[in-house]
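Next come the chains, spelled out residue by residue.
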Amino acid sequence: MSKLIESTPFPRTREMIRAEIRNLGLKRGMNVLVHSSLSSVGWVNGGAVAIIQALMDLVTEEGTIIM
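Everything in this summary refers to the structure shown in the same document.

The rules we used
Residues numbered from 1 in each chain as written. Predicted model: local features only at pLDDT ≥ 70, side-chain atom pairs only at ≥ 80, totals over all residues. Heavy atoms only, no water. Helix = DSSP H or I, 4+ residues; strand = E, 2+ residues; numbered from the N terminus. Buried < 20%, exposed > 50% of the residue type's maximum accessible area, 1.4 Å probe, protein only. Contact = heavy atoms within 4.5 Å. Lys, Arg positive; Asp, Glu negative; His and termini not counted. Salt bridge = Lys/Arg side-chain N within 4 Å of Asp/Glu carboxyl O. Polar contact = N/O pair within 3.5 Å; in protein donor to acceptor, adjacent residues only side chain to side chain. Core = buried A, V, L, I, M, F, W, Y, C linked by side-chain atoms within 4.5 Å.

So, on to the environment of Thr8. Tracing the backbone through its elements, the reader meets Thr8 in the loop between helix 1 (2-7) and helix 2 (14-23). Using a relative accessible area of 11% as the deciding quantity, one classes Thr8 as buried. On a C-alpha basis, the gap between Thr8 and Ser39 in space is 10.0 Å, while along the polypeptide they are 31 residues apart. If we ignore the near neighbours within four places in the chain, the residues touching Thr8 are Gly42 and Trp43.

Below you can see the structure in the form of structure tokens.
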């Protein structure tokens, strides 16, 4: 874990992940298929849960997230 933290230039947050995903075009009500390597994202404050929450914030209950 410490190597991952050291190799991440700045900590990523739920808000930052949400903004980056929004910039990719993700919107409310979309159906999204997600396949990702968490280590490729870098260190995220809150880990996988923060990434999932950021996705849920954008897609809302109107959409579907498949992981």
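Secondary-structure assignment places Arg12 in the loop between helix 1 and helix 2. One buried charge, Arg12, has no salt-bridge partner; the nearest side chain with opposite charge is Glu20, at 5.2 Å. Looking at Arg12, its side chain comes within polar contact range of the main-chain oxygen of Val41, at 3.0 Å. Setting aside chain neighbours within four positions, we find Arg12 in contact with Ile17, Val41, Trp43, Val44 and Asn45.

Formed by Ile17, Ile21, Leu26, Val32, Val44, Ala50, Ile51, Ala54, Leu55, Leu58 and Val59, the largest nonpolar core amounts to 11 residues. Among the secondary structure elements, those contributing two or more residues to this core are helix 2 and helix 4 (47-59). No other element matches the 6 residues that helix 4 contributes to this core. Once residues lying within four places of it in the same chain are set aside, the contact partners of Leu58 are Arg18, Ile21, Arg22, Leu26, Lys27 and Arg28.

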